[in-house]
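Listed here are the chains, written in short residue letters.
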Amino acid sequence: MEIVSFCFSLGLTFLAVAWRSKVMAVLPGYQGPCKLVHRAADCNRKNLIAVPQDLPFNTEELFLDFNEVRTLTDSSLQHYGRMWSLSLSQNKLELIEPRTFLVSRRLSVLNLKGNCVFVNYTVTAAALRGVPTLRNLDLSGNYLTEDMATTLLQNLSTLETLSLARNVLMRLDAMTFADLVDLRELSLERNYIYEIEAGTFTAMQRLQRLNLAYNQITCIVGFSLTQLRVLNASYNSIEWFLSDESSNEFDLETLDLSSNQLFFFPLLPKRNKLRSLLLSDNRMNFYEKLSNATFMQDGTVKFIVISNNITNVTAVNIWEDITLGNVSSLNLLDMGRNEFWYLPEGFLAMMTSLSQLKLNQNCFQSIHLTELNPPGSLVELDLSQNQLKKVQVDPNSKNVLPNLRTLNVSTNRLNRLPAQLFNHMKHITTVDLSYNHLDLCPKIVQADKGEDQACTDFRNVISLKHLYLAGCGLVVTHAFTGTSLTHLDLSNNYGALILGTRPLQDVASTLQYLSLSNTGLSSNSIDIDFSRFQNLLFLDLSENSLAHLPQSLSNLQLRTLNVRSNNLQSFPLQMAQQKLGKSLHTLYLSQNPYDCCKMTWWNFLMNLRTVHIADNWLVTCNHSSNILPVMQLPENIVQSCRWKMTDTTLMYLVLILPTSLTLVVALVIVFLTFKDSILKVVKRRCRTSRSY
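Overview of the overall build of the protein
- Of regular secondary structure, the protein possesses eleven helices and 37 strands.
- Taken over 692 residues, the protein has a buried fraction of 44%.
- Once local pairs closer than 6 in sequence are excluded, the contacts in the protein between residues at least 24 apart make up 54%.

What follows is the structure in structure tokens.
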């Protein structure tokens, strides 16, 4: 066994030496501006005006992005017959001579993004036709019209990926991509396309990904690309999306129609594999409940499509809500930022695989979860920024949304939720109720009155980890008993902690993120004790009235601390020197009235280098009623502070001592000079008669 191990190690060593020798052989004494890594040459941003001719002959990848190359001549690549990837993005390329790629028979990736190919596009087209192995071509940002694109793409039957983004294409027809029979991915985003004729994509039977985003398309009628898997038509002006009414099976998995002008839910293929349907930022609504109030007797709209002298008529009843096509495989449905105020009965029941539902920023005033019959597979539900006043569930239901993990009903008009709602959600982990006027159920129930049921109860919801209650007008009692919260946001609840931090002690051992911004905390608040929050990593105490920080913070291992907008005159130096200072990574300190002459703590933090003061350029201090930036304190202010901070006793001693010594010396000199006279006067005045 030892012999086998020895032989194996010897073999690996031999291979490593051989590989190293091979790599070194690729770079024989090269002294040029490019950086060589194995068989790749990085010549980006070198102000080159031509392809370097002194690179190793076996270079396979060449990157010349962000240079000044204007022309590729017939001899530019003659030394690099093994090259398979060439990138010339963001140059000033105007011309590629016809025989440029004659030697590069292996070239499969060509990036010409951000150049001026339009100037000599006919000559460049001839050069491209000389590359028999080209698979990936990027012509984005070259000011190409549809006629230019048609010329450049002739006979490029080997292409698999093509980008024509950021050009000036306006109208597409069957000739534009007629030769791209093997294309898999096509990007046409950020053009000016307003019309796509029938048959434009017919030749591309293998096309799987099509990007039409950021154009001027007004409708898609008779959609029939059965092989397509991803269609991105976002950021257009689409008012209607109607698929082919045939029974053909579509491979479509992702359809993005967000940021358009859709009025109606799109008519999807009857047979599809759709998993993601993105419809946000439109003008959609359901209209069946409005049909009786209108004067229209027949709500049918007919679309007439004429192609090759053949007329097809598609009729759709705009009042019929359940003309939705097959949605049974849908995982993600995003209908946010529309005009929905209700969902048709059974609408969600059809989506048996749905896991994410986004209905944010619509017009819902109430929602009945039982009536909507959401599938049990739903994991995330977003109803934020509506006008919800009521959320209802069947009182006999004991299994509401059994697999739901995330519920967002923030920014509504709710003042209560169904009793025990979250106890029915056995897997709920994240709840956002921010900016609703809610009360939390207390821990202690009064025996004579019973518990007030007009409150939201989170107690004993074991699975709950993230809870966001910003701006709810709360007064926090022991509302989190029996939970294991790791994230808790109580910001913008002024007076929420009038009892101090005691109501949070139930989750003190599990909390990692705690936001108490704008909760009315002050240095006079009772019982602000963080000593039990030993797992806390993020603490936000901003926008309060703290004149000094609680001493209990010293022994926490916080990674982020936010104390902006308080009344702090300094950051405790002792606190920075203890456990807190050793664990902190990010600190926010601005908008406090610091004293410019008491900034020793600032110098300590700046020298610590393990703490990043994220808002350091916004930190100011006060000096003689002037507010100055700490990072740019004038030298005269620093000197003035030094004088102020000097020990005045020592200063006075230094000033008085020379004067005192001078006086003593003067007195000694006077005494020695007039000693005899002084002694006679003293004797005369002190002599008295004595009796014997």
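Quick look at empty space enclosed by the protein
- Applying the stated rule across the entire model yields five cavities of 30 Å³ or more.
- In this model, the second largest cavity occupies a volume close to 80 Å³.
- The wall of the second largest cavity is formed by 13 residues, among which Leu 369, Val 391, Leu 407, Val 409 and Leu 421 lie closest to the centre.
- Of the residues contributing to the lining of the second largest cavity, the split by class is 13 nonpolar, no polar and no charged.

Details of the environment of Leu 383
- When you line up the elements, Leu 383 lands in the loop between strand 24 (380-382) and strand 25 (390-392).
- Separated by 19 residues in sequence, Leu 383 and Phe 364 have C-alpha atoms that sit 8.5 Å apart.
- When sequence neighbours within four positions are dropped, the list of residues in contact with Leu 383 reads Leu 359, Asn 360, Ile 367, Leu 388, Asn 408, Val 409 and Asn 412.

Topic: the state of the cysteines
- Across all of its chains, the model carries four disulfides by this definition.
- Shown here is the disulfide that connects Cys 441 with Cys 455, its sulfur atoms set 2.0 Å apart. In this structure the cystine formed by Cys 441 and Cys 455 twists about its S-S bond by roughly 90°; its chirality is therefore right-handed. Of the two residues, Cys 441 is situated in the loop between strand 27 (430-432) and strand 28 (466-468) and Cys 455 in the loop between strand 27 and strand 28; the sequence distance between them amounts to 14 residues. For the pair Cys 441 and Cys 455, a shared accessibility class is recorded, and that class is buried.
- A sulfur-sulfur distance of 2.0 Å marks the disulfide that ties Cys 596 to Cys 621. Between Cys 596 and Cys 621 the disulfide shows an S-S torsion of about 95°. By sign, it is right-handed. Of this pair, Cys 596 sits in the loop between strand 34 (594-595) and helix 8 (600-608) while Cys 621 is found in strand 36 (residues 620-623), placing the two residues 25 residues apart along the sequence.
- You can call Cys 596 buried: its relative accessible area is 5%.

A word on the sheet that holds strand 37 (residues 626-629)
- One open sheet holds the three strands; their spatial order is 34-36-37, and the pairing between them is mixed. On the outer flanks of this sheet lie strand 34 and strand 37, each paired with one strand and no other.
- Two elements, strand 34 and strand 36, share two bridges in a ladder whose sense is parallel. Within strand 36, the residue paired with Tyr 594 across the bridge is Cys 621.

Notes on the pairing of strand 36
- Because side chains alternate across strand 36, one face comprises the buried residues Cys 621 and His 623, and the other comprises Thr 620 and Asn 622, none of which is buried.
- Summarising the sheet, strand 36 and strand 37 pair through four bridges and their orientation is antiparallel. Counterpart to His 623 in the pairing with strand 37 is Asn 626.
- Where strand 36 folds back onto strand 37 in an antiparallel hairpin, the turn is made up of two residues, including Ser 624, whose phi is positive at roughly 55°.

Looking at helix 8
- Residues of helix 8 that are buried: Trp 601, Trp 602 and Leu 605. Within helix 8, the buried residues cover an arc of 100° as seen down the axis, which keeps them to one side. Those residues of helix 8 that are exposed and angled more than 90 degrees off the buried face are Thr 600 and Asn 607.
- Where helix 8 is buried, its residues contact helix 6 (573-577), strand 33 (586-588), strand 34 and strand 35 (612-613).
- At the exit of helix 8 stands Arg 609, carrying a positive phi of roughly 65°.

Let's talk about helix 2 (residues 121-128)
- Every buried residue of helix 2 is accounted for by Thr 124, Ala 125, Ala 127 and Leu 128. Burial along helix 2 is one-sided: seen end-on, the buried residues are contained in an arc of 160°.

Focus on the pattern of salt bridges
- By the definition in use, this model includes 14 salt bridges.
- In this structure, Arg 39 and Glu 60 form a salt bridge, with 3.8 Å as the shortest nitrogen-oxygen distance. Placement of the pair is Arg 39 in the loop between strand 1 (35-37) and strand 2 (40-42) and Glu 60 in the loop between strand 2 and strand 3 (61-63), with a sequence separation of 21 residues.
- Taking relative accessible area as the criterion, Arg 39 reaches 17% and is therefore assigned buried.
- Using a relative accessible area of 23% as the deciding quantity, one classes Glu 60 as partly exposed.
- A salt bridge links Asp 251 to Lys 273, with the shortest nitrogen-to-oxygen separation between them at 3.3 Å.

A short note on the nonpolar core
- Judged by nonpolar contacts, the single largest core of 169 residues is most densely connected at Leu 86, Leu 188, Phe 480 and Leu 589.
- Counting residues per element, the ones that place at least two in this core are helix 2, helix 3 (146-152), strand 14 (219-223), helix 5 (421-424), helix 6, helix 8 and helix 9 (635-645).
- Apart from the residues within four sequence positions on either side, Leu 86 is in contact with Leu 62, Leu 64, Leu 72, Leu 77, Phe 101, Leu 107, Val 109, Leu 110 and Asn 111.

Rules of the game
- Residues numbered from 1 in each chain as written.
- Predicted model: local features only at pLDDT ≥ 70, side-chain atom pairs only at ≥ 80, totals over all residues.
- Heavy atoms only, no water.
- Helix = DSSP H or I, 4+ residues; strand = E, 2+ residues; numbered from the N terminus.
- Buried < 20%, exposed > 50% of the residue type's maximum accessible area, 1.4 Å probe, protein only.
- Contact = heavy atoms within 4.5 Å.
- 1 Å grid on protein atoms, 1.4 Å probe; cavity = no way out; pocket = protein on both sides within 12 Å on 5 of 7 lines; lining within 4 Å.
- Points joined across faces, edges and corners; volume = space filled by probe spheres on them.
- Nonpolar A, V, L, I, M, F, W, Y, C, P; charged D, E, K, R; others polar.
- Disulfide = S-S within 2.5 Å.
- Pairing = 2+ DSSP bridges.
- Arc of directions from axis to C-beta.
- Salt bridge = Lys/Arg side-chain N within 4 Å of Asp/Glu carboxyl O.
- Core = buried A, V, L, I, M, F, W, Y, C linked by side-chain atoms within 4.5 Å.

None of the figures reported here should be taken as evidence of function without further support.
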